[in-house]
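# Examining the three-dimensional arrangement
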Amino acid sequence: LASASASTVRQVKLDRESELRIEVANETPLRLRVLNGNAEIFGTELPPEIWLTFPPRLKFAVFTWYGATIELDGTTETDYTADETPMVSYVNVHAILEGRRHRARASASKDSDTSQGPRVIVVGPTDSGKSTLSRMLLSWAAKQGWKPTFVDLDIGQGSITAPGCIAATPIEMPIDPVEGIPLEMPLVYFFGHATPSNNVDLYRVLVKELAQTLEKQFTGNAESRAAGMVINTMGWIEGVGYELLLHAIDTFSANVVLVLGQEKLFSLLRDVLKNKPNVDVVKLQKSGGVVSRNTKVRQKARSHRIREYFYGFVNDLSPHSYVANFNDLHVYRIGGGPQAPRSALPIGADPVANPLRLVLVTSDQVQELIHLVLAVSYAEEPEQIISSNVAGFIYVTEVDMGRKQIKYLSPSAGVLPGKYLVAGTLSWIET
Ligand code: ATP
């Protein structure tokens, strides 16, 4: 017999400019709807009265500008309301960006500077809310009818495609609060590792390739030029990580640098960029709602992301399984093997193997490919691999050394969309 107490439905009333912060339970999804008023999740307005289902472990906030009543059905790991948020400062940034977009569109000239909308780069330490702020700025812009370009340079926890990649995609609609960015035809470059330190030179080269390709696309597209871009970065902000940030700012000609949650990084960037009059460096407060994630949680999120690529967001895709003779495949690695420290080498020897060298994986090394995610390159010749974007990924499920065959999963049926495959260290154990 159903009793009233078995019902888990409850209501939460939110005052203006406050938010309900939620961590969905570990095993069960949560249903939620807006009963009255208006509310948004990271910049995307929720439809009135329609139940939305959020998967286990998702962390998010339902924010309201003018007040709303939210109804929840299910259990949560935590949920609480907060009336101190940095949302007003975030939306003020959005308003300034809007002004720049309008000015860019209105500029009759073909001059590349005046017709260029804002190029925003979001930087800050790990867990400062960079992805979330990027998402809000994109969704607010899309709501006004712009199609800003989202560039994600975060190879560890990127939100456009599989991990180990840098990617860009136009955002044509406010981002879905449940499913995120649709995995459709983005422009993707495969780095192959979850951290740039595996091959910093390659990372730089790929960032440059991505920037150049976007630049070409913008030349023929005044609309997306005016809408500008929002660039999300990694949380690695010390040493080489800091240099990579400067490199990204420079390579994408970013003109708005949003620094989240760290005074030191803000002052460093402000000083180093002060002789560039066109670049604004803005300090923004980190939201108290941002949830910290340790290494294990990040690793798990990566696996989840790879699984999602092959099986869909709610297991709605079924990947195809194929067996291939290894000799029919052309798998390359980028970078020349392990980099020995200078002290371990004879005097005068070059300590660094060429980080951009292409190395063909030979048939006696097939075993190394087990459980790797390989990218399918659009390159027509091996020399083009580094400068080519990728069509998608396959996952090596089995290796048969005797027969020199590999078994792999592919999200789509039929022949692979490219002849060359790229391997890194990105692996996944299907569970
Ligand atoms: P990274 O270190 O991976 O670069 P980040 O700085 O991009 O992280 P986010 O991914 O934006 O940080 O945020 C971390 C987590 O906190 C995410 O799961 C996000 O959904 C959650 N989060 C962000 N803001 C809020 C909020 N106001 N309320 C609840 N959860 C939030």
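## Remarks on the pattern of salt bridges
Enumeration according to the criterion identifies 21 salt bridges in this entry. Between R16 and E17 there is a salt bridge, with the nearest N and O atoms lying 3.9 Å from each other. Given the relative accessible area of 52%, R16 is considered exposed.

## Some remarks on the packing of helix α5 (residues 240-251) against helix α6 (residues 263-272)
It is at 12 Å that the axes of α5 and α6 come closest, and there the two elements cross at 45°. In terms of axis orientation, α5 runs oblique to α6. Crossing hand, α5 versus α6: right-handed. Contact with α5, carried on its side by Y242, L245, L246 and I249, involves L265, L268, L269 and V272 of α6 and no other residues of that element. Residues that form the contact of α5 with α6 fall into these classes: 8 nonpolar, no polar and no charged.

## Re the packing of aromatic side chains
The final tally for this structure, using the stated rule, is 12 aromatic pairs. Between the aromatic rings of F63 and W65, the centroid separation amounts to 4.7 Å while the plane-to-plane angle is 80°, which identifies the pairing as edge-to-face. The two residues F63 and W65 agree in class, both being buried. A cation over a ring is seen here: R307 above Y311, with NZ or CZ 4.4 Å from the ring centre.

## Some points on a positive patch on the surface
A cluster of basic residues, R57, K59, K296 and K300, forms a positive patch at the surface. In this fold, K59 is placed in strand β7 (residues 59-64). The partly exposed category is assigned to K59, whose relative accessible area is 32%.

## Remarks on the confidence of the model for the chain
For the chain, the average pLDDT comes to 92, and 93% of its residues sit at 70 or higher. A low-confidence stretch, residues 1-6 (pLDDT under 50), is modelled with 0 contacts involving residues beyond four sequence positions or located in other chains. Predicted complex metrics record ipTM = 0.98 and pTM = 0.93.

## Some thoughts on the pairing of strand β3 (residues 30-37)
Pairing between β3 and strand β6 (residues 52-54): 3 bridges, direction antiparallel. Residue pairing across strands places L30 opposite F54, the latter belonging to β6. In terms of strand pairing, β3 meets strand β8 (residues 68-73) through 6 bridges, oriented antiparallel. Bridge pairing in β8 links R31 to D73.

## Considerations on the packing of helix α3 (residues 200-219) against α5
Running from N to C, α3 and α5 cross one another at 15°; their axes reach a closest spacing of 10 Å. If you check the angle between α3 and α5, you find them roughly parallel. The two elements α3 and α5 meet at a crossing, and its hand is right-handed. Where α3 abuts α5, its residues V200, Y203, R204, V207, K208 and A211 lie against V240, E243, L244, H247 and T251. Residues belonging to the contact of α3 with α5 are distributed by class as follows: 6 nonpolar, 2 polar and 3 charged.

## Thoughts on the side chain of R119
Examined against the element boundaries, R119 turns out to sit in strand β10 (residues 119-123). Taking relative accessible area as the criterion, R119 reaches 3% and is therefore assigned buried. Setting aside residues up to four positions removed in sequence, R119 forms contacts with E215, F218, R225, M229, F252, S253, A254, N255 and V256.

## Considering empty space enclosed by the protein
By the definition in use, this model includes 3 cavities of 30 Å³ or more. Considered as a void within the structure, the largest cavity measures approximately 70 Å³ in volume. Every residue lining the largest cavity is listed: Y189, F190, L202, L206, I334, S377, I385, I386, S388, V390 and V422. Classifying every residue of the lining of the largest cavity gives 9 nonpolar, 2 polar and no charged. When its volume is computed, the second largest cavity comes out at roughly 50 Å³.

## Brief notes about the site of the ligand
Around the ligand sit 21 residues, and of these K59, D127, S131, T132 and R293 come closest. Taking K130, its side chain carries an N or O atom lying 2.9 Å from an oxygen atom of the ligand. In isolation the ligand offers 630 Å² of accessible surface; the protein chains occlude 92% of this area. Elements that contribute at least two residues to the shell around the ligand include exactly β2 (18-24), β7 and α2 (130-143). When its residues are assigned to classes, the shell around the ligand shows 5 nonpolar, 8 polar and 8 charged.

## Observations regarding the sheet that holds β6
One open sheet accounts for 4 strands, arranged β1-β8-β3-β6; its pairing is antiparallel. Of all strands in the sheet, those bounded by a partner on one side alone are β1 (9-14) and β6. Taking the axes of each pair of neighbouring strands and ignoring which way they run, one obtains an average angle of 30° across the sheet. Bridging between β1 and β8 involves 6 bridges; their strand directions are antiparallel. Looking across to β8, one finds that K13 is bridged to T69.

The rules behind the values
- Residues numbered from 1 in each chain as written.
- Predicted model: local features only at pLDDT ≥ 70, side-chain atom pairs only at ≥ 80, totals over all residues.
- Heavy atoms only, no water.
- Salt bridge = Lys/Arg side-chain N within 4 Å of Asp/Glu carboxyl O.
- Buried < 20%, exposed > 50% of the residue type's maximum accessible area, 1.4 Å probe, protein only.
- Axes fitted to C-alpha atoms, helices over the stretch in contact; angles between N-to-C directions.
- Helix = DSSP H or I, 4+ residues; strand = E, 2+ residues; numbered from the N terminus.
- Parallel < 35°, antiparallel > 145°, perpendicular 65-115°, else oblique.
- Left-handed = near helix turned anticlockwise from the far one by under 90°.
- Contact = heavy atoms within 4.5 Å.
- Nonpolar A, V, L, I, M, F, W, Y, C, P; charged D, E, K, R; others polar.
- Phe/Tyr/Trp six-rings, centres within 6.5 Å; stacked < 30°, edge-to-face > 60°.
- Lys NZ or Arg CZ within 6 Å of the ring centre and 35° of its normal.
- Patch = residues over 30% accessible without salt bridge, like charges linked within 9 Å, V, L, I, M, F, W, Y side chains within 5 Å.
- Areas by Shrake-Rupley, 256 points an atom, 1.4 Å probe, with all protein chains shown as cover.
- Lys, Arg positive; Asp, Glu negative; His and termini not counted.
- Charge placed at Lys NZ, Arg CZ, Asp CG, Glu CD.
- pLDDT = per-residue confidence, 0-100.
- Pairing = 2+ DSSP bridges.
- 1 Å grid on protein atoms, 1.4 Å probe; cavity = no way out; pocket = protein on both sides within 12 Å on 5 of 7 lines; lining within 4 Å.
- Points joined across faces, edges and corners; volume = space filled by probe spheres on them.
- Near = heavy atom within 4 Å.
- Polar contact = N/O pair within 3.5 Å; in protein donor to acceptor, adjacent residues only side chain to side chain.

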